Amino acid sequence: MSGPSAGPLPNPLPRPDGELAALERAWEGPRGWRFPTEVNNAWIGVLYLGTALLFFVLAGLLALLMRVQLSVAGNDLIGHDLYNQLFTTHGTVMMFLFAVPAMEAMGVYLLPAMLAARDLPFPRLSAFAYWAYAIGGLVFFSSIFYGAAPDGGWFMNPPLTSKQYSPGVNADFWLLGIGFIEISAIAGAIEIIIGILRNRAPGMTLARMPIFAWAMLVFAGMIVFAFPAVIWGTILLELERAFDWPFFRAERGGDPLLWQHLFWFFGHPEVYIIFLPAAGMVSMILPTMVRARLLGYGLVAMALVGTGFLSFGLWVHHMYATGIPPLSLSFFSAASFAVAVPTGIQVFAWIGTIALGRPRAEVPMLFILGFLFIFVLGGLTGVMVAVVPFDWQAHDTHFIVAHLHYVLIGGMVFPLIAALYYWAPLPAGRPLSKRLGTTAFWLLFLGINLTFFPMHISGLMGMPRRIYTYPAGMGLDLWNQLSTAGAVIAAAGIAVIVWDLIRNFRVTNHAGVNPDGAGTLEWLPQGSYAARSIPRVSSLEPLWDDPALPEQVRQGQHFLPGTATGRRETLVTSPLEAEPQYVAIIPGPGWAHVIAAIGTAGFFLSLTVELVWLAAAFGAVAVAAMLHWLWTGTDLGPIRDQVDIGGGLRLPVYVTGREAVGQWAMAVLLIVDGVIFACLAFTHGYLWLVGGDAAWPPAGTALPDPAAPALAAVLVAASGGAMRLAEPLLRRGHSGLMILAVLAALVLLLLGLGADLLALWRAGLRPTAHSFGAAIYANQFWQGLHAAAATVMTLYLVARIGAGLIDPVRRLTFDNVRLFWSYTAVQALAGMALTHLFPRGLWA
Amino acid sequence: MSGRAAGLAPLIGATAGLIVWALHFGAIYLANAIACGRGLAGHRLFGQPIIPVLILAATALALLLLLGIGMRARRRPRVRDGAGVRHFLARLTLATTLLAALAVTWEGAAVLLVGPCG
């Protein structure tokens, strides 16, 4: 395969005086106490990963406490109340505050460099996601010091977590505290999806994309489809706890299993959400470690995509013991076997790659070998528990604890540590210590196996999960003592890594350090602006195929060697072939995202402790900060005509319509929205199915006259029509009429939704009496949230029209509002159909 | 820039087989859940128990669709075009379709071994 620099280079030498200085000025980061204002993903990525590792250590300490408690039979060191909080917080923090954020951190840090992009398209969104996560996560963790940490298990099953059995604020800390961290994860996913699809270097087609980018694309896509289910579940459980809407209360037509379906529709894909990026990292590190190209690149990409899909057909394998019909269980059992196929393909690709090359005994390689050993063992016990009768035996025992830790530690923690040692020279300019890394590996490898292997045995002997002690004389003592000894050894391994980081890791701008001779673009010389110039890519390992490339890039001989507008920019390319389309101006440092993050975290955490007035104040601050950020940093218009990026390519700096990355972001957000609405519809369908035709709605339920919802539907449809009418007015430049049309659309929407709500209320339907009413008012709640968002967006749009910031060319804000509006109107109509036609309309 | 360059349809098309898998999985799960929940499992269709007939029919339909997707992908350009991306996506389509066919077969075959409602 030819190297990237075949043919004349886009920009000749010598480069103009001041070109590099201007680029450095545009990307110069804030210093000192203003450091939170930085939005550069290279900086945010390091902060993100550091914070995720902090949560890993904190949650690990909780695990150590649990192991100390279980080290001897009948131990009374930790009571059951605290033990419940320890395992719940341990699981929750590991899954929500360590594993997913750590992978998003690796994504936002590595992807710009790997794709040779200056940055991903929405750096302020990443920065907002990080600060919301960091602030909220630390406050959430601190709840354990006040005895207020959640204590219902990381999956929070009702009725245990319903108000009746968990009357304190512990469960609310989980529901509200973790709820907005899910929003943070979605924000990161939007950035990653669009960054991968639209910010690749020219020529980096989907067929030449680094396998890590494939993994992160699937990872982020899975977040988009999986997280809405748990968001909707948490909304329902919090509505039940706060307002007594009985979604999960069997005596009023609810069903606790509804929660399990929603939670595990998120929870099982979550395992692969964590594993796939780790697999992607292994596929990147291994070729360098063995000096051979990855075997079966295309099949590995297929395996990632295939796993992403199939993992959504596994959620019930966490519910084998809940009484679901046996044939239904068999579908999930079969899907659980099927998902082993793509994982097996990846494992064989790695083994084949090792066989093709010459492995080197470097620290990342050790951790990859450890990963293969531990993860394969975890995968095999996974196939065992996919067998329904076996799972009934092992369910809720320490066998499951062993299995899940083998999978998660083997499949995620070991690859992450390998990645830490492999990519540390990128931000630090020098590698971490080989001696300390090797020591850490052996301590961790031995410690993890010693901790969790005995749990298979104690589990099969009948030791249950989540029980704070056990009696002597049941043969469990030895296995627990071994597990505790292993945990101490593993903790020592983590301590060695932390010590290595403290001693040897300092963020700096390195000058082309590539200690392992890797072949991918993140090893190009990097500054705060990422690569000085952006090469055209023609192979999977450009640095192996063209050794002269790093120096050419450093000298600025490839595309966009400076700043075309004097601001921070990133090159936007087409999603399949990666052909350059435009130069997007991206935001620089500012306080808005930090204030918005504080406001968002404060809003949810204040609600947790029922300080509604404070929550309202925080919410207002968050919305104001976001509006400021939008007003000052987005939809800047064509501030320059086309700019020259080299090689005869002249590109616009502002586009609208289907090519604009802003429209892509809105489209992905609306997919998230649509999945939540699908979960809402599932809630109706599920409660109807378990309730029976006679009980859902229950006899005697008051329902509104059909005329009222019909009128409401007409008003909502008219609202959509009014917003459509605004578009030709914009094209013709009629600002005044456009404002009228937009405001009319808002009034019609609010009247339509209000009329529907009023009709239900006047008919006498109440959300607390039965799950039927609760589900209908949950629908109303969701439509109400959209009405509130539409109101803010409309007023913002009107303000921008009034300020002369919207015109026939500069219209990105209008296009996004219109897209959201179309979705909101369609969703409102679908919601009304659900309320008034299901199931009566279908079964009448 | 052309609409072709901006579109994502070919990438989504490469997952067509897996989308068929998802529809099949959802359909057979829903059918069995409704039949068991509403006491319809004892009904018969063409003289046979309704659930196995429906699930086997859905499985056959899904496999036919997958065959069609696979054959269409095989007809895609085998010679590498300019950037090779279409060729790559055609191979990706084939591989994901094969995986989907395996999963659909396994899931559908369960009805031959296990009773619907226990």
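Since the structure is predicted, the reported quantities are computational estimates derived from the model, not experimental observations. (Residues numbered from 1 in each chain as written. Chains lettered and ligands numbered in written order. Predicted model: local features only at pLDDT ≥ 70, side-chain atom pairs only at ≥ 80, totals over all residues. Heavy atoms only, no water.)

1. What about the overall build of chain A?
Now for step 1: From N to C terminus, chain A includes 26 helices and six strands.
Now for step 2: A compact globule built from 844 residues would reach a C-alpha radius of gyration of about 28 Å, and chain A, at 27 Å, matches this within 12%.
Now for step 3: Projecting the C-alpha coordinates of chain A onto the three principal axes gives extents of approximately 85 × 85 × 50 Å.
Now for step 4: Of all 844 residues assigned to chain A, the portion counted as buried reaches 63%.
Now for step 5: Relative to all contacts within chain A whose residues are 6 or more apart in sequence, the contacts with residues 24 or more apart total 81%.
Now for step 6: In the structure as shown, chain A presents an accessible area of about 28,800 Å², 69% of it carried by carbon and sulfur atoms.
Now for step 7: Side-chain charges in chain A split into 43 positive and 45 negative, and the spacing between the mean points of these groups amounts to 7 Å. (Helix = DSSP H or I, 4+ residues; strand = E, 2+ residues; numbered from the N terminus. Rg over C-alpha atoms; globule rule 2.2 N^0.38 Å. Buried < 20%, exposed > 50% of the residue type's maximum accessible area, 1.4 Å probe, protein only. Contact = heavy atoms within 4.5 Å. Areas by Shrake-Rupley, 256 points an atom, 1.4 Å probe, with all protein chains shown as cover. Lys, Arg positive; Asp, Glu negative; His and termini not counted. Charge placed at Lys NZ, Arg CZ, Asp CG, Glu CD.)

2. Observations regarding the environment of A:Val387
Residue and element names in this part refer to chain A.
Now for step 1: Structurally, Val 387 can be placed in the loop between helix H11 (363-386) and helix H12 (388-394).
Now for step 2: Separated by 443 residues in the primary sequence, Val 387 and Ala 830 place their C-alpha atoms 39 Å from one another.
Now for step 3: Every residue in contact with Val 387, bar those within four places of it in the chain, is listed here: Ser 333 and Phe 337.

3. Focus on the state of the cysteines
All names here are of chain B.
Now for step 1: A complete count under the given rule lists one disulfide over all chains for this structure.
Now for step 2: Here Cys 36 connects covalently by a disulfide to Cys 117, the sulfurs 2.1 Å from one another. Between Cys 36 and Cys 117, the disulfide has an S-S torsion of -90 degrees and is therefore left-handed. Of this pair, Cys 36 sits in helix H3 (residues 16-37) while Cys 117 sits in the segment after helix H5 (85-109), and the two are 81 residues apart along the sequence.
Now for step 3: Look at Cys 117 and you get partly exposed, because its relative accessible area is 32%. (Disulfide = S-S within 2.5 Å.)

4. Thoughts on the interface of chain B and chain A
Now for step 1: Across the contact, 45 residues belong to chain B and 46 residues belong to chain A.
Now for step 2: Interface of chain B and chain A: buried area, both sides summed, is about 3,800 Å²; carbon and sulfur atoms make up 79% of it.
Now for step 3: Of all residues in chain B, B:Tyr29, B:Arg38 and B:Phe88 bury the most surface against chain A, accounting for 18% of the area lost on that side.
Now for step 4: Where chain B packs against chain A, one counts one salt bridge.
Now for step 5: Put simply, B:Arg86 and A:Glu577 hold a salt bridge, and the shortest N to O gap is 3.6 Å.
Now for step 6: Put simply, chain B and chain A have four residue pairs in polar contact (both at pLDDT 80 or more) between them. (Buried area = accessible area lost by both parts, 1.4 Å probe. Salt bridge = Lys/Arg side-chain N within 4 Å of Asp/Glu carboxyl O. Polar contact = N/O pair within 3.5 Å; in protein donor to acceptor, adjacent residues only side chain to side chain.)

5. Describing unusual backbone geometry
Residues and elements named next belong to chain A.
Now for step 1: Residue Pro 14 is reached from Leu 13 by a cis peptide bond, and omega for that bond is -5 degrees.
Now for step 2: Positionally, Pro 14 belongs in the segment before helix H1 (19-27).
Now for step 3: Cis geometry marks the peptide bond from Pro 158 to Pro 159; its omega dihedral reads 10 degrees.
Now for step 4: Its location among the elements puts Pro 159 in the loop between helix H4 (123-142) and helix H5 (170-198).
Now for step 5: For Glu 610, which is not glycine, the phi torsion reads 60 degrees and is therefore positive.
Now for step 6: Mapped onto the elements, Glu 610 comes out in the loop between helix H19 (592-608) and helix H20 (612-633).
Now for step 7: For Asp 635, which is not a glycine, the phi torsion comes out positive at approximately 50 degrees.
Now for step 8: Looking at the secondary structure, you find Asp 635 in the loop between H20 and strand S5 (643-646).
Now for step 9: A relative accessible area of 7% places Asp 635 in the buried class.

6. What about the environment of A:Thr439?
All names here are of chain A.
Now for step 1: Note on placement: Thr 439 falls in helix H15 (residues 434-460).
Now for step 2: Exposure remark for Thr 439: the relative accessible area of 38% places this residue in the partly exposed category.
Now for step 3: Sequence separation of Thr 439 and Ile 497 is 58 residues, and the distance between their C-alpha atoms is 9.0 Å.

7. Re the pattern of salt bridges
Residue and element names in this part refer to chain A.
Now for step 1: Going through the model one piece at a time under the given rule, you end up with 16 salt bridges over all chains.
Now for step 2: Its salt-bridge partner being Arg 241, residue Asp 172 comes within 2.9 Å of it at the nearest N-O pair. Of this pair, Asp 172 sits in helix H5 while Arg 241 sits in helix H6 (residues 211-243); the two residues are 69 residues apart in sequence, bridging distant segments of the chain. Taken as a pair, Asp 172 and Arg 241 share a single burial class, namely buried.
Now for step 3: For Arg 252, the salt bridge is made with Asp 244, and the minimal N-O distance between the two is 2.8 Å.

8. Details of helix H4 (residues 50-75) of chain B
Side chains that are three or four residues apart share a direction in an α-helix, a result of its 3.6 residues per turn.
Now for step 1: For H4(B), with 26 residues, the first-to-last C-alpha span of 38 Å sits near the 38 Å given by 1.5 Å per residue.
Now for step 2: Considered for burial, the residues of H4(B) that qualify are B:Ile50, B:Ile51, B:Val53, B:Ile55, B:Thr59, B:Ala62, B:Leu66, B:Ile69, B:Gly70 and B:Ala73.
Now for step 3: Next to the buried residues of H4(B) lie helix H9 (326-338) of chain A together with H3, strand S1 (44-45), strand S2 (48-49) and H5 of chain B. (Expected span 1.5 Å × (residues − 1).)

9. Comments concerning the packing of aromatic side chains
Now for step 1: This model, assessed by the stated rule, comprises 60 aromatic pairs over all chains.
Now for step 2: A centroid spacing of 5.4 Å and a plane angle of 65 degrees characterise the contact between A:Phe367 and A:Phe414, whose relative ring orientation is edge-to-face. Of the two residues, A:Phe367 is situated in helix H11 and A:Phe414 in helix H13 (residues 398-423); the sequence distance between them amounts to 47 residues.
Now for step 3: Relative to A:Phe445, the ring of A:Phe441 has its centre 5.6 Å away and its plane inclined at 25 degrees; by these criteria the two rings are stacked. Note that A:Phe441 and A:Phe445 are positioned in helix H15 at a spacing of four residues, about one turn of the helix. In this structure, A:Phe441 and A:Phe445 share a single accessibility class: buried.
Now for step 4: The cationic tip of A:Arg800 hangs over the ring face of A:Trp631; the distance from NZ or CZ to the ring centre is 5.3 Å.
Now for step 5: For B:Arg38, the ring lying beneath its charged end belongs to A:Trp688, and the centroid distance is 4.4 Å. (Phe/Tyr/Trp six-rings, centres within 6.5 Å; stacked < 30°, edge-to-face > 60°. Lys NZ or Arg CZ within 6 Å of the ring centre and 35° of its normal.)

10. Thoughts on the domain arrangement of chain A
Residues and elements named next belong to chain A.
Now for step 1: Domain assignment breaks chain A into domain 1 (38-504) and domain 2 (682-843).
Now for step 2: When each unit is reduced to the centre of its C-alpha atoms, the spacing between domain 1 and domain 2 is 37 Å.
Now for step 3: Residue-level contacts link 17 residues of domain 1 with 16 residues of domain 2.
Now for step 4: Carbon and sulfur atoms make up 74% of the area that domain 1 and domain 2 hide from each other, which totals about 1,400 Å².
Now for step 5: It is Trp 232, Trp 245 and Leu 258 in domain 1 that bury the most area against domain 2; as a group they hold 34% of the surface buried on that side.
Now for step 6: Remark: the boundary between domain 1 and domain 2 carries zero salt bridges.
Now for step 7: Taken together, domain 1 and domain 2 are joined by five residue pairs in polar contact (both at pLDDT 80 or more).
Now for step 8: Top contributing element to the side of domain 1 that touches domain 2 by residue count: H6, with five residues.
Now for step 9: In terms of residue class, the side of domain 1 that touches domain 2 is made up of 11 nonpolar, three polar and three charged. (Domains from an automatic or database assignment. Nonpolar A, V, L, I, M, F, W, Y, C, P; charged D, E, K, R; others polar.)

11. Let's talk about the environment of B:Pro49
Residues and elements named next belong to chain B.
Now for step 1: Following the sequence through the fold, Pro 49 ends up in strand S2.
Now for step 2: Judged by relative accessible area, Pro 49 falls into the partly exposed class, the value being 30%.
Now for step 3: On a C-alpha basis, the gap between Pro 49 and Glu 107 in space is 18 Å, while along the polypeptide they are 58 residues apart.
Now for step 4: Those residues in contact with Pro 49, other than ones at most four positions away along the chain, are His 43 and Arg 44.

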